[in-house]
Amino acid sequence: MGAVREGLVSVELPGRLQVLPGRPVTVLDVAHNPQAAAALADSLASMGFHPQTWAVFGIMADKDIGSVIAALLPRVDRWYVASLPPPRGATAEDLRMRLEAAGVAPAAIRDFNDPASAYRAAREEVAEADRIIVFGSFLTVAAALVPTDRRAA
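Residues numbered from 1 in each chain as written. Predicted model: local features only at pLDDT ≥ 70, side-chain atom pairs only at ≥ 80, totals over all residues. Heavy atoms only, no water.

Colleague: Sorry, what's going on with the pairing of strand 5 (residues 109-112) here?
Modeller: Strand residues, when the strand is regular, have side chains that alternate between the two faces of the sheet. Pairing analysis gives 4 bridges linking strand 4 (residues 78-82) to strand 5, with the strands arranged parallel. Bridging from a neighbouring strand, alanine 82 pairs with phenylalanine 112 of strand 5. (Pairing = 2+ DSSP bridges. Helix = DSSP H or I, 4+ residues; strand = E, 2+ residues; numbered from the N terminus.)

Colleague: In this structure, what is going on with the packing of aromatic side chains? I would like to understand it.
Modeller: Describing an aromatic ring pair means giving the distance of the ring centres and the angle of the ring planes. Counted under the stated rule, the structure contains 5 aromatic pairs. Taking the centre distance of 4.6 Å and the plane angle of 15° together, the rings of phenylalanine 57 and phenylalanine 135 count as stacked. Of this pair, phenylalanine 57 sits in strand 3 (residues 53-57) while phenylalanine 135 is found in strand 6 (residues 131-135), placing the two residues 78 residues apart along the sequence. Members of the aromatic cluster, each reached through a chain of ring pairs, are Trp54, Tyr80 and Phe112. (Phe/Tyr/Trp six-rings, centres within 6.5 Å; stacked < 30°, edge-to-face > 60°.)

Colleague: Is there a simple way to think about the environment of threonine 53 in this case?
Modeller: On the secondary structure map, threonine 53 appears in strand 3. Each C-alpha atom, one on threonine 53 and one on threonine 26, is 9.6 Å from the other, the two residues being 27 residues apart in sequence. When sequence neighbours within four positions are dropped, the list of residues in contact with threonine 53 reads Arg75, Val76, Asp77, Arg78, Arg131 and Ile133. Only 3.0 Å separates the side chain of threonine 53 from the side chain of arginine 131, close enough to count as a polar contact. (Contact = heavy atoms within 4.5 Å. Polar contact = N/O pair within 3.5 Å; in protein donor to acceptor, adjacent residues only side chain to side chain.)

From the geometry alone we can't say anything about function, so treat these as descriptive.
In structure tokens, the structure reads:
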């Protein structure tokens, strides 16, 4: 039983609270339901101080988008929303409307055609002491795992 417990403790699941090496701190989490988004928000709260948190967010349209946004709203300063492919993917425009309805200032939201573009833009604009979170879908997280998209800001 000890070996099983030891094995479970050492398991790492890519895309679930995965922190990429280097600066700025980049956290990947597929968090696409309210429970996972709440767990991500709790984890972010315990990670230490970062002047700003930038979110790269793309999600499937059939998910509980409002509740996912609500869970992360207090932890995110800037939102880089990305369209995911149809027919299931939510559009950046839809995500923008939902964020604005939740009280996010329009100036704190940027729209992108795809997660890779959103991630590149965040990497180029973020300060080294800030934090980027990439979440909402496996497709969104995958954009940050492509080596050419992880170049230093």
